[in-house]
Structures are given as structure tokens and as C-alpha cells.
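# Per-entry structural report
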Amino acid sequence: MNAERHAAVFLAAVLAASTSVAAEISFGKLNIDASLASRQALYELDSALNPSNILELESGYLGNVAYSIGLDFSEAWLRLKLQDFGLASADLDPEIRNRVAECLLGLESGPFFLDLGKRKIAQSRCFFMTPIDFAIAEDQALFRDDRYDLRFAEGKWMASMELFTTLGFFGAAYIPRIEFEGDAAKYFSSPQEERLLFRFSRYLGAAEIGLAFSYSNAVEAGAQTSFAIGDRAELHAEAVYREAAREDEPALELGIGATINLPALSAIVEYYYDGAGLGRDAWDERIEGCRAAAALGAPDSLGAALMSLRPDGRDLCCRHYAMLRLSNPSTETLSASLTTIVNLQDLSGRLMPCLSCDGWDSLRAKLSFAYPFGGDFGEFRLLGEAWKIALEIELWL
Amino acid sequence: MKRAILLSPLLLGLALYAQGISPAEILIRVDERRSIGPSFGFRLKIESYGAKGLERSAIMSGYASGEDKSLARYDEPANMRGKKILMVKDDMHIFIPKTQRPVKLTSSQRLMGQASNGDVMNIRFQADYDCSVSGAQILDPDGSPLPCIILALRAKRRGATYGSMTLWVEESTFFPVKAECYALSGKKMKTVEYSERREFEGKTIVARTVIRDLVATDEKTVIEFLEMKAQSVPDSYFTPEYLLRMQ
């Protein structure tokens, strides 16, 4: 990087501050909240294979402005909830997208709950990938993406029943097939597949166990558990069988992890296995295709080669991944964390250090950095930014 | 004037025996003075003090049921609002509104300042500790003599907040007066003062607890019950799934 670029990077880093404002107003049993957040991230792309480079984007900003509006009315037996969010990007493809995240009528009678409308269902105890969450957007995973704070998980339209009994928690939901198209999909709600979902969970001794079964053209079934080990550690695991995971082949998905809390250090470590992901040979074969296309210097061939890495649009391409997150105790005023995600097949990954100052009741500042490692032909370098830095300031009113 | 007289545990034991009260029963009575009943709703304030005075405060509300179940939600400050905590025995989850997802915690993860989750969420000694009478002492916390029984509490399970405790209990009323808390290693960690009593729904209980750190001596945390009312909540609600539902 030359001096001019250094100067530009420095200036951009100073200007990359963003603000977000959130407000909440209560009128008796009606709560209204609204927030506005912007995140101006500085990034650099130095891989010729980066898909963003194919789109002829140069180093600079990725600018996003996100907003959310929420209404929540609660009575003893009735709940009305609306959560709407939108994202305006001003960089690659300037546009505004709006989504209804949740919109439901909830009825309650003792331990029985009925929800009609759009809602989220989260069951997983994993932090990195959450295979057992059959009916929630994938971007719900906590630490996978450093853009997480500006991503709002979208629920699904459904009729959902939940029952809390001494035998455990039972949940059943019917999710209809809805094909939103055009502006409806862009400004209202994403399309969804028909699905039946059944869930169960309870404590078994000191362990929490959960089961989930889903049918949507094919069977998906999963089990999970989590339990404490002493007073400083917990272990969580989940396994999911998908009858038709990729190319209609059955596959197993597995997540296993632990949280360890020492007096000055907290650690989360997780392993994720995706049986439908590309194995070492298949991955190497596709990477060779990328190398050949890069040598030719033909953007179309390169684009096609990159598309072959994830033909079904999955965020992760391979089978074996690990995540490690180290942080100081989360209730400290100044918290520092270092999160890394590694593809265990090609040893590429993303390193995400973050400093967060949480010492005020209505203000939070966060400085985050993301750096992919593993060479130009590693998964995370191929399919993401070279590096990125972002400063966020959140303000509650 | 500070006055402290150590009495023979044997004599005290005989006196308690004459009243027909075992150490375990004393502990039950102490617990009865820390809440208005087996199931209740509450609203409490936590204040964390450092060398420069008040550093942070929070207001939480929720329910407690039986010996080992509690659910609480942050009402204040703004940046914590809507976060919820579930504690069932040693199992603890936090719910963060942004993610709509319960996240499992370990019992060592602190809530705020010197207050561990166990300090706030677990208010019954009898579930966590075995108890014996180790002596008696006359304290004078307010300048007047206050005869106290000294109880030695030893954790009966690993998930207890402390490895052991020494607890001073007012002999005539069984109100807790102060405590010293020890880690499993035997190291003294904190002192606790049960400093204020207040009446809720016709019953007087300990309403204010001051927890001091013995390492960072400038730091203390004050937990104060603002409201407490008898409220029965089904056991089946104390699950991670209910965190989403809790209003």
C-alpha cells in the first residue's frame, strides 16, 4: 500500500464512525420502539478472485443504513406484535429493502399459546451454525458474520401452538408455502416453503434436551442437548439428519461446542460438520477450476467457477469448520473479543477482533475488524472481503 | 463501642435444642425472612459502586418459585431492557431480544458488579447448603447489642454460589445479619450485609443486601427489593422457551 492509500485508509477509518439511535415509548400496554443504525465499514479487496472485484468494486466503503420499527401490545391473554426492518445500501447495488420480521396475533390460555402470523423460532444452543433451527433465517447465527448487528432475522408466516407442561415443552407449527414475488418479496416478505414443524424440550436431570422434526418435501429430524459442567463450563451439541440435504442426497449435520468461563477469560469453542458440504477432493477440484479461470483472466469463466463453489447459495461450502471466541467477561465495561472461524479443510478462515465499550447506560461504542486468512484460494478469501474495519456507536433514548 | 462476645456452641446448641430447633430449621426460617413465600413476583434494583461512587445500576423484575427456579427481566437501563435470565438449579440461560435466542450461561458468569447470578437469582440457602451451628456472638450493627447465632454453611452441590459461608443470624427473629462467603478453595471472597428490612404484603423480609468484594475493597454491590408479591407461576414456565413469552 502506498502512502496515499495509507492516508486514505486512515481518513476513512476516522470517518467510518456510525451512529444508531433507538427509542422506545410505552403507552400503557402498548410499546413502540424504533431504531436507526448506520455502519460505514472500510474494506480492502486485494484478491483478483474476489467476486466483488469481478463487479469492479475497488477498495473503499461498504455503507449500510438499517432501520427497525416495532409495535408490541400485551394483555393477559392477547399479544399483538409487529417488527419491521429495512436496509438501505449505498455501495454495490444501491437499493432499499424492507422486510416484516414479525407480525403476529398471539393468544394465551394458561400454559397454551397460539400464534397466528409471522414469527421466529429459535431452538439451537449453538453460536456458530444452528442446524436444528428449521424455521428461521440462517443469518440468526451469532458470530458467523461480522455484519451481524445490521442483519435482522426474518421469521416465517405460520400458525404455531405451544404448550408448557410438567412433562416438557411441546410446539407444533404449520408454515404454508407462500410465493412473494417482485415488490412484495422486496418490500414485504421473503417467499417460504410449506413445512410442518414439531418441537419438544425438557430438562432431564441437569441436562436440557430438545427434539425437532420437520417435513418440507423431505424429512428433517434433529436432537440437541446442553448441560453445565461444574460452575465454569457448559457443553452443547446438536445433530440433524436431512433426508434431502444437497442434490437430494441424505446428510448429517452436527454442531458441538463448549463455553468456558474463567475469572478473566471466557471462551466459546465449536466444531461444525456439514455432511452435505464439499469434501476435500470436490473442493480441490473446484479450486483448480478457479485457478484456471483466473489464469485465463476471463471474468465470465471466473464468475462461473466461483459459483460452482456454492451452487445452492449456502454461506459455507465445505464440511468441517471450527469457531473459537475468546473474550473478557461480558459484564466488564470494556470488553475485548477475538473470534475466529476456520475451514478445517483448507485452513482458511476469518479473524474478527472487536473492542466494545459498554460503560454507559445509553451508549455503546464498538470497533470491529475482520481479516480473512488462508491465501487467495482459501474459502474465506475467495468469497469475502480482504479485510474490513468498522466503528459503530449505538445510542438509546 | 464494638462489642462481641463469643458463646459456647455447646451452650447455644442446648438452648436451641430446648426450643426444638435444628440448624436446618434455622436455615429454613432464615430463608423465610428473605422472601414472602415459596412463589413470588419481584422487582429489584442492583447498584454497583466503585472507587468513584455509583458506577452502574439496573432494575429487574421477575418471578421465583420453589427452591431453585427464577425468571427475571431487565427493565433498566435502556441498553439492557428486554434481556431475560432463567435459572433452574445450576442451569442458566440469558435471552437477548435482538437475537430472539436463549443463550446458555455458566453459573460463574456475573450479572453486574460483585453480584453473581447466584446472589440475585438464588435466594434460598436451604437448597444449596448444609448447615451447622458454629457459635454465637453479640453484634452491634446499629449501636445496640444484637445476639446472633453463627451458622456454618457448606455447599451440598457444586453449583452453589459459594463453597461455604459463615452466616450470622439474629437469635430472636432469625433474620440474617451478615455473612462471609468463601470459595471452594477456602479463600474468603465477599462479605454480605443484610442491612434493611421492609414489609411486603404484611410480611417483613430482608430488603437490602450489600455485597463487598474483599479483593477490590472499593467495590460493592447493593441489591434492593423494591416490590415483592405472592404470585404462583407454573413450574413448566421455567424453561428457555418461556423466555420468549415472558412479559
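Residues numbered from 1 in each chain as written. Chains lettered and ligands numbered in written order. Predicted model: local features only at pLDDT ≥ 70, side-chain atom pairs only at ≥ 80, totals over all residues. Heavy atoms only, no water.

## Some words on the confidence of the model for chain B
Residues and elements named next belong to chain B.
- Of all residues in chain B, 83% have pLDDT values of 70 or greater, and the mean over the chain is 81.
- Looking over chain B, one finds the lowest element-wise mean pLDDT in strand β1 (residues 6-7), namely 51, and the highest in strand β12 (residues 164-170), namely 91.
- Of the two predicted TM-score estimates for the complex, the pTM is 0.78 and the ipTM is 0.72. (pLDDT = per-residue confidence, 0-100. Helix = DSSP H or I, 4+ residues; strand = E, 2+ residues; numbered from the N terminus.)

## Quick notes on the nonpolar core
- Grouped together as the largest cluster of nonpolar side chains are 70 residues, with contacts concentrated most on Leu309 of chain A together with Phe125, Met165 and Leu167 of chain B.
- Beyond its immediate chain neighbours, meaning those up to four positions away, Met165 of chain B contacts Phe125, Tyr129, Leu151, Ala152, Leu153, Ala179, Glu180, Cys181, Tyr182 and Tyr194 of chain B.
- In terms of nonpolar packing, the next biggest core, distinct from the first, is built from 15 residues, Tyr63, Tyr237, Tyr242 and Met246 of chain B among them. (Core = buried A, V, L, I, M, F, W, Y, C linked by side-chain atoms within 4.5 Å. Buried < 20%, exposed > 50% of the residue type's maximum accessible area, 1.4 Å probe, protein only. Contact = heavy atoms within 4.5 Å.)

## Comments concerning the pairing of strand β11 (residues 146-155) of chain B
All names here are of chain B.
- By the bridge criterion, 10 bridges tie strand β10 (residues 129-139) to β11 in an arrangement that is antiparallel. Bridged to Val133 within β11 is Leu151.
- Joining the antiparallel neighbours β10 and β11 is a turn of six residues, in which Gly143 adopts a positive phi near 90°.
- Pairing geometry for β11 and β12, over seven bridges, is antiparallel. If you follow Leu151 over to β12, its bridge partner there is Leu167. (Pairing = 2+ DSSP bridges.)

## Observations concerning a nonpolar patch on the surface
Residues and elements named next belong to chain A.
- Taken together, Trp77, Leu80, Leu105, Leu107 and Leu116 make up a surface patch of nonpolar side chains, about 430 Å² in accessible area.
- Here Leu107 shows up in strand β5 (residues 95-109).
- Leu107 gets classed as partly exposed once you look at its relative accessible area, which sits at 32%. (Patch = residues over 30% accessible without salt bridge, like charges linked within 9 Å, V, L, I, M, F, W, Y side chains within 5 Å. Areas by Shrake-Rupley, 256 points an atom, 1.4 Å probe, with all protein chains shown as cover. Salt bridge = Lys/Arg side-chain N within 4 Å of Asp/Glu carboxyl O.)

## As for the side chain of His236 of chain A
Residues and elements named next belong to chain A.
- Tracing the sequence through the fold places His236 in strand β12 (residues 233-246).
- Residue class for His236 comes out buried when judged on its relative accessible area of 1%.
- Here Glu234 takes part through its side chain, which lies 2.7 Å from a polar atom of the side chain of His236.
- The residues touching His236, leaving out its near neighbours within four places in the chain, are Arg125, Cys126, Phe127, Thr225, Ser226, Gly255, Ile256, Gly257, Ala258, Thr259 and Glu270. (Polar contact = N/O pair within 3.5 Å; in protein donor to acceptor, adjacent residues only side chain to side chain.)

## What to know about the packing of helix α4 (residues 280-296) of chain A against helix α5 (residues 299-307) of chain A
All names here are of chain A.
- The interhelical angle for the contact between α4 and α5, taken along N-to-C directions, is 170°, at an axis separation of 8 Å. Relative to α5, the element α4 lies roughly antiparallel. Of the two elements, α4 crosses α5, and the hand of that crossing is left-handed. Where α4 approaches α5, its residues Gly289, Cys290, Ala293 and Ala294 are matched on the opposing element by Ser301, Leu302, Ala305 and Leu306.
- Looking at side-chain class alone, the contact of α4 with α5 contains six nonpolar, two polar and no charged residues. (Axes fitted to C-alpha atoms, helices over the stretch in contact; angles between N-to-C directions. Parallel < 35°, antiparallel > 145°, perpendicular 65-115°, else oblique. Left-handed = near helix turned anticlockwise from the far one by under 90°. Nonpolar A, V, L, I, M, F, W, Y, C, P; charged D, E, K, R; others polar.)

## What about helix α2 (residues 23-32) of chain B?
- Turning to α2 of chain B, its buried residues number three or more, namely Ile26, Leu27, Val30 and Asp31 of chain B. All buried residues of α2 of chain B fall inside an arc of 140° around its axis, so they share one side. (Arc of directions from axis to C-beta.)

## A word on α4 of chain A
All names here are of chain A.
- The first and last C-alpha atoms of α4 sit 24 Å apart over 17 residues, in line with the 24 Å expected at 1.5 Å per residue.
- All buried positions along α4 are accounted for by Trp283, Ile287, Cys290 and Ala293. Mapping the buried residues of α4 onto a view down its axis gives an arc of 115°, with all of them on the same face. Those residues of α4 that are exposed and aimed more than 90 degrees away from the buried face are Asp281, Glu285, Ala295 and Leu296. (Expected span 1.5 Å × (residues − 1).)

## Side note on the pattern of salt bridges
- Under the criterion given, the structure shown has 28 salt bridges over all chains.
- Here Arg245 of chain B makes a salt bridge to Glu162 of chain A, at a shortest N to O gap of 2.9 Å. Taken as a pair, Arg245 of chain B in the segment after α5 (240-243) and Glu162 of chain A in strand β7 (residues 156-165) lie in two separate chains rather than in one. Residue Arg245 of chain B shares its accessibility class with Glu162 of chain A, and that shared class is buried.
- Linking Glu179 of chain A and Arg177 of chain A is a salt bridge whose minimum nitrogen-to-oxygen distance equals 3.2 Å.
- Residue classification places Glu179 of chain A among the exposed residues on the basis of a relative accessible area of 52%.
- Arg177 of chain A sits in the partly exposed class, given a relative accessible area of 45%.
- In this structure, a network of salt bridges that share partners links the residues Asp115, Arg119, Glu162 and Arg199 of chain A together with Arg245 of chain B.

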